[in-house]
Amino acid sequence: MASVTFRDVRKAFGTVEVLHGVSIDIDEGQFVVLVGPSGCGKSTLLRMLAGLEHVSAGEILIGDRVVNDLPPKDRDIAMVFQNYALYPHITVAQNMAFSLMLKRASKQEIEDRVKPAAEILGLTHLLDRYPRQLSGGQRQRVAMGRAIVRDPQVFLFDEPLSNLDAKLRVSMRTEIKNLHQRLKTTTVYVTHDQIEAMTMADKIVVMHDGRVAQVGTPLELYDRPDNLFVAGFIGSPAMNMLTGAADPDDRTRFVTGDGFRLPIARPGKAAPGRETIYGVRPESFRIGGDVKLLIEVVEPTGSETHVVARLGATEVICVFRERITEGPGDQLMVSIDPEAVHLFDAQTGARVSD
Ligand SMILES: Nc1ncnc2c1ncn2[C@@H]1O[C@H](COP(=O)(O)OP(=O)(O)OP(=O)(O)O)[C@@H](O)[C@H]1O
Ligand SMILES: [Mg+2]
């Protein structure tokens, strides 16, 4: 196990800078997820940590050691990619042992490492099979097994589940988390899927356009996004956003562009007359109240009811625990939990509410 530190790391390809000064602290044993939309620089950052990409400026440390100029093989890390090509002509056991065979480890040592790894991953009965005789999920586990037998200081994962179907993704997510709880190896995991990030991470780093948008625990990011980007990115269905401004005469109200007066508990730095975004999560609506919605679509999921509706000119989505009898075209009176409201400056995107 080792800590990992990025200090003001930059990356340029030719004259184009794609990472603009990224600083991240990862503690020993932590499971950190880098998440963000396609092209924001997640893989580039991971590849620099692995030593597969040159660092244009700044420092990367593993433990106390700056590794900028250290070749990949000396970094004591193991990486699992989305395309975890296994060697087709050798067995599962040999695939897992491959790095040890390259190091000319003894037969005994190989067995001592491969056996427990196979057990942890539920691969013991598959050790003699060839990759073509495995399901997608089993192949993915072999790829992880290959990383585990190396017993590295840090595991790196780059979208390891994106080739799997939805159901398998969910179960592999749990397996990887379980694995981390057993091995406690420092892990850096890249995904563009915010649900994967929320469910797996000790700490999430949200990236946007080559910068860190926010770092925090999953619930910190959910409960108190620092900016509009994180507010919109974390959470599904996404946070509803209404444009307007704080009421100049009443600190507890926000007035939307089309004249709706909505409640706020903690307006913070919100300035009346300055264009502001009112953010409210789908589950922060309650049935009954003085906010009038016009229903467009009702989606019962069984455990919850999702309602797509208009609040004035803005389309919002509400999630209720209750089932409702109203349908498209009907009015629905609701209230908004004022404690659950987020305000952002429309121009800078920065959080203004407390
Ligand atoms: N070898 C390269 N040469 C030039 N530009 C590159 C190179 N590799 C990546 N980039 C650019 O750097 C930016 C970040 O790419 P990166 O692969 O890190 O994104 P990502 O966040 O991993 O995206 P995705 O979710 O699609 O995998 C992109 O704009 C990409 O086009
Ligand atoms: Mg990528």
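Residues numbered from 1 in each chain as written. Chains lettered and ligands numbered in written order. Predicted model: local features only at pLDDT ≥ 70, side-chain atom pairs only at ≥ 80, totals over all residues. Heavy atoms only, no water.

Going by what an unreviewed UniProt entry lists, the chain is known as Multiple sugar transport system ATP-binding protein and is assigned to Aurantimonas endophytica. For the chain, the Subcellular location (unreviewed entry) comment in UniProt is given as "Cell inner membrane". Turning to the chain, the UniProt record has this under Sequence similarities (unreviewed entry): "Belongs to the ABC transporter superfamily." (UniProt positions renumbered as here; feature names shortened; annotations may be inferred.)

S.K.: How should the sheet that holds strand E19 (residues 341–345) be read in this particular structure?
M.R.: To summarise the sheet geometry, strands pair through backbone hydrogen bonds and adopt either a parallel or an antiparallel arrangement. Within the open sheet, the 5 strands sit side by side as E13-E12-E11-E14-E19. Their pairing is antiparallel. The two strands at the open ends of the sheet, each matched to only one other strand, are strand E13 (261–263) and E19. Strand-to-strand twist across the sheet, computed as the mean angle between neighbouring axes with direction ignored, equals 45°. With 3 bridges connecting them, strand E11 (residues 240–246) and strand E12 (residues 253–256) associate as antiparallel partners. Looking at the pairing, alanine 246 lines up with phenylalanine 254 of E12. (Pairing = 2+ DSSP bridges. Helix = DSSP H or I, 4+ residues; strand = E, 2+ residues; numbered from the N terminus. Axes fitted to C-alpha atoms, helices over the stretch in contact; angles between N-to-C directions.)

S.K.: Explain the domain arrangement of the chain to me, please; I cannot follow it from the model alone.
M.R.: By a widely used convention, the size of an interface equals the accessible area lost when the partners come together. Along its sequence, the chain is carved into domain 1 (4–232) and domain 2 (238–345). Centre-to-centre, using C-alpha coordinates, domain 1 lies 39 Å away from domain 2. Each partner contributes residues to the interface: domain 1 has 9 residues there, and domain 2 has 9 residues. Buried surface at the junction of domain 1 and domain 2, both sides included, amounts to about 670 Å², of which 62% is carbon and sulfur. For domain 1, the biggest contributors to the area lost against domain 2 are Tyr222, Leu228 and Ala231; these three give 70% of the whole. Counting every contact that joins domain 1 to domain 2 gives 0 salt bridges. For the pair domain 1 and domain 2, the number of links is 2 residue pairs in polar contact (both at pLDDT 80 or more). Those elements that place two or more of their residues in the side of domain 1 that touches domain 2 are helix H7 (218–223) and helix H8 (228–233). In terms of residue class, the side of domain 1 that touches domain 2 is made up of 5 nonpolar, 2 polar and 2 charged. (Domains from an automatic or database assignment. Contact = heavy atoms within 4.5 Å. Buried area = accessible area lost by both parts, 1.4 Å probe. Salt bridge = Lys/Arg side-chain N within 4 Å of Asp/Glu carboxyl O. Polar contact = N/O pair within 3.5 Å; in protein donor to acceptor, adjacent residues only side chain to side chain. Nonpolar A, V, L, I, M, F, W, Y, C, P; charged D, E, K, R; others polar.)

S.K.: Help me understand helix H3 (residues 107–120) in this model?
M.R.: Residues spaced three or four apart along an α-helix face the same direction, because each turn holds 3.6 residues. Here H3 contains 14 residues, and its C-alpha end-to-end distance of 20 Å stays within 8% of the 20 Å for a straight helix at 1.5 Å per residue. Within the sequence span of H3, burial applies to Ile110, Val114, Ala117 and Ala118. One side of H3 carries all its buried residues, which in axial view fall inside an arc of 100°. Residues of H3 that are buried in the fold lie against helix H2 (92–102) and helix H4 (136–148). Backbone geometry just downstream of H3 places glycine 122 in the positive-phi region, at approximately 65°. (Expected span 1.5 Å × (residues − 1). Buried < 20%, exposed > 50% of the residue type's maximum accessible area, 1.4 Å probe, protein only. Arc of directions from axis to C-beta.)

S.K.: What should I look at first to understand the pattern of salt bridges in this one?
M.R.: Note that side chains of opposite charge can pair when their charged atoms are close. Counted under the stated rule, the structure contains 13 salt bridges. Through salt bridges with shared partners, a single ionic network connects Lys11, Arg47 and Glu53.

S.K.: Looking at this structure, I do not really get the packing of H4 against helix H5 (residues 166–183). What am I missing?
M.R.: The description of two helices packed together rests on the angle between their axes and the distance between the axes. Running from amino to carboxyl end, H4 crosses H5 at an angle of 20°, the nearest separation of the two axes being 11 Å. Taken together, the axes of H4 and H5 are roughly parallel relative to one another. When the axes of H4 and H5 are compared, the crossing they make is right-handed. Along the contact surface, H4 presents Gly136, Gly137, Gln140, Arg141, Met144 and Ile148, while H5 presents Leu168, Met172, Glu175, Ile176, Leu179 and Leu183. (Parallel < 35°, antiparallel > 145°, perpendicular 65-115°, else oblique. Left-handed = near helix turned anticlockwise from the far one by under 90°.)

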